[in-house]
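An overview of the molecular structure
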Amino acid sequence: ETGVTQSPTHLIKTRGQQVTLRCSSQSGHNTVSWYQQALGQGPQFIFQYYREEENGRGNFPPRFSGLQFPNYSSELNVNALELDDSALYLCASSLGQGTADTQYFGPGTRLTVL
Amino acid sequence: AQKVTQAQTEISVVEKEDVTLDCVYETRDTTYYLFWYKQPPSGELVFLIRRNSFDEQNEISGRYSWNFQKSTSSFNFTITASQVVDSAVYFCALSANAGGTSYGKLTFGQGTILTVHP
């Protein structure tokens with residue numbers, strides 16, 4: 001059974017650019033959640049996708065957007081990058097969208113904005 | 001609002017010592033779920049345990065044990081006979097139906113950095 005995978009591992013961008021991060025969910029999982037983890041902090045919820053629809057969003061501006069595909073893989077897009085967007089971006093997949101569903105995390109993408 | 005507090009920022013122990021990581025949570029919901037995750041230097045969050053709000057039984061898994069007390073809103077994690085491989089950042093997290101939402105958003109604490117010295 002393949003776990004959650006993310007690409008790329010590391011990324012360096014400059015302020016104002018756009019970035020796309022990718023996530024493949026664990027086999028059998030239909031829900032993907034994205035989190036941002038700043039250095040020395042706990043992860044912060046960005047949004048969740050269930051069956052290709054966004055069904056929950058945290059306190060992040062609209063320049064953070066996402067997609068989920070029919071195979072349940074997902075993308076996180078960030079436009080107009082700011083220095084504060086530098087962080088580890090974690091993707092998690094789960095069997096369902098509910099509060100009881102355990103989320104399994106990928107290795108993350110380390111984004112650096114210069 | 002939901003909140004998770006891990007008051008211990010860093011803990012340093014010598015191998016074979018027992019260590020307890022504290023977690024205190026806040027939620028208005030009666031149904032909620034608590035989690036512990038381990039984050040080694042590689043960055044991936046590794047799931048350790050899930051506990052629902054109606055099950056206050058303590059759980060033991062090998063050298064790991066968890067103590068859930070609703071009366072004090074705490075969900076503490078103990079590692080017995082710690083090993084160097086236990087060195088990592090440990091996160092406590094809460095999932096609840098805040099504000100009528102039903103999706104599984106995790107609210108994390110700040111994390112506790114555990115260093116186990118040989």
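Now for a look at the structure at hand. Computed from a predicted model, the values in this text were never measured in an experiment. (Residues numbered from 1 in each chain as written. Chains lettered and ligands numbered in written order. Predicted model: local features only at pLDDT ≥ 70, side-chain atom pairs only at ≥ 80, totals over all residues. Heavy atoms only, no water.)

1. Here we look at the overall build of chain B
- The helix and strand tally for chain B stands at zero helices and 12 strands.
- For 118 residues, the compact-globule estimate of 2.2 N^0.38 gives 13 Å, and the C-alpha radius of gyration of chain B, at 14 Å, lies within 12% of that figure.
- A principal-axis box enclosing the C-alpha atoms of chain B has dimensions of 50 × 30 × 20 Å.
- Intrachain contacts of chain B at a sequence separation of at least 6 include 58% that bridge at least 24 residues.
- Computed over 9 positive and 12 negative side-chain charges, the separation of the two mean positions in chain B equals 6 Å. (Helix = DSSP H or I, 4+ residues; strand = E, 2+ residues; numbered from the N terminus. Rg over C-alpha atoms; globule rule 2.2 N^0.38 Å. Contact = heavy atoms within 4.5 Å. Lys, Arg positive; Asp, Glu negative; His and termini not counted. Charge placed at Lys NZ, Arg CZ, Asp CG, Glu CD.)

2. Focus on the interface of chain B and chain A
- At the junction of the two partners, chain B supplies 22 residues and chain A supplies 24 residues.
- Across the interface of chain B and chain A, roughly 1,800 Å² is buried in total on both sides, 53% from carbon and sulfur atoms.
- Inspection of the region where chain B meets chain A yields zero salt bridges.
- Summed over the shared surface of chain B and chain A, the number is eight residue pairs in polar contact (both at pLDDT 80 or more).
- Counting residues per element, the ones that place at least two in the side of chain B that touches chain A are β5 (32-39), β6 (46-52) and β10 (88-96) of chain B.
- With four residues, β5(B) is the largest single contributor of residues to the side of chain B that touches chain A.
- Split into classes, the residues belonging to the side of chain B that touches chain A amount to 10 nonpolar, nine polar and three charged. (Buried area = accessible area lost by both parts, 1.4 Å probe. Salt bridge = Lys/Arg side-chain N within 4 Å of Asp/Glu carboxyl O. Polar contact = N/O pair within 3.5 Å; in protein donor to acceptor, adjacent residues only side chain to side chain. Nonpolar A, V, L, I, M, F, W, Y, C, P; charged D, E, K, R; others polar.)

3. Let's talk about the sheet that holds strand β8 (residues 74-78) of chain A
Residue and element names in this part refer to chain A.
- Ordered in space as β1-β3-β8-β7, the four strands form an open sheet in which the pairing is antiparallel. Either end of the sheet is taken by a strand with one partner, and the two such strands are β1 (5-7) and β7 (64-68). Here the strands of the sheet are splayed against their neighbours by 20° on average, with no regard to which way each runs.
- One ladder, built from five bridges, connects β7 with β8; its direction is antiparallel. Residue pairing for β8: Gly66 is matched across the bridge by Leu76. (Pairing = 2+ DSSP bridges. Axes fitted to C-alpha atoms, helices over the stretch in contact; angles between N-to-C directions.)

4. Remarks on the environment of Ile113(B)
- Relative to the helices and strands, Ile113(B) is located in strand β12 (residues 112-117).
- Its relative accessible area of 34% is what places Ile113(B) among the partly exposed residues. (Buried < 20%, exposed > 50% of the residue type's maximum accessible area, 1.4 Å probe, protein only.)

5. Description of the state of the cysteines
- In total, this model carries two disulfides over all chains according to the counting rule given.
- Each sulfur of the disulfide joining Cys23(A) and Cys91(A) lies 1.7 Å from the other. With the S-S bond torsion at -55°, the cross-link from Cys23(A) to Cys91(A) turns out left-handed. Of the two residues, Cys23(A) is situated in strand β3 (residues 19-24) and Cys91(A) in strand β9 (residues 87-94); the sequence distance between them amounts to 68 residues. Across this residue pair, the class does not change: Cys23(A) and Cys91(A) are buried.
- One disulfide bridge connects Cys23(B) with Cys92(B), the sulfur atoms lying 2.0 Å from each other. On the S-S bond that ties Cys23(B) to Cys92(B), the torsion sits near -65°, and the link is left-handed. Note that Cys23(B) is positioned in the loop between β3 (19-21) and β4 (24-26) and Cys92(B) in strand β10, a separation of 69 residues in sequence. Considered together, Cys23(B) and Cys92(B) belong to a single accessibility category, that of buried residues. (Disulfide = S-S within 2.5 Å.)

6. Structural notes on the nonpolar core
- Counting 24 residues, the largest nonpolar core has Trp36(B), Phe77(B), Tyr90(B) and Leu114(B) as the members making the most contacts within it.
- Going through the elements one at a time, β2 (10-14), β3, β5, β8 (64-69), β9 (74-79), β10 and β12 of chain B are the ones with two or more residues in this core.
- Per-element accounting of this core gives the leading share, five residues, to β10(B).
- Cys23(A), Val32(A), Val78(A) and Leu81(A) belong to the second largest nonpolar core, which has 20 residues in total. (Core = buried A, V, L, I, M, F, W, Y, C linked by side-chain atoms within 4.5 Å.)

7. Focus on the layout of surface pockets
- In this structure, the largest pocket occupies an estimated 440 Å³ of space.
- Along the walls of the largest pocket sit 26 residues, with Gln37(A), Gly40(A), Arg110(A), Gln39(B) and Val89(B) positioned nearest its centre.
- Elements represented by at least two residues in the lining of the largest pocket include exactly β10 and β12 of chain B.
- Take the lining of the largest pocket: its biggest share by element is four residues, from β12(B).
- For the lining of the largest pocket, the per-class residue count stands at 11 nonpolar, 14 polar and one charged. (1 Å grid on protein atoms, 1.4 Å probe; cavity = no way out; pocket = protein on both sides within 12 Å on 5 of 7 lines; lining within 4 Å. Points joined across faces, edges and corners; volume = space filled by probe spheres on them.)

In short, geometric facts, not functional conclusions.
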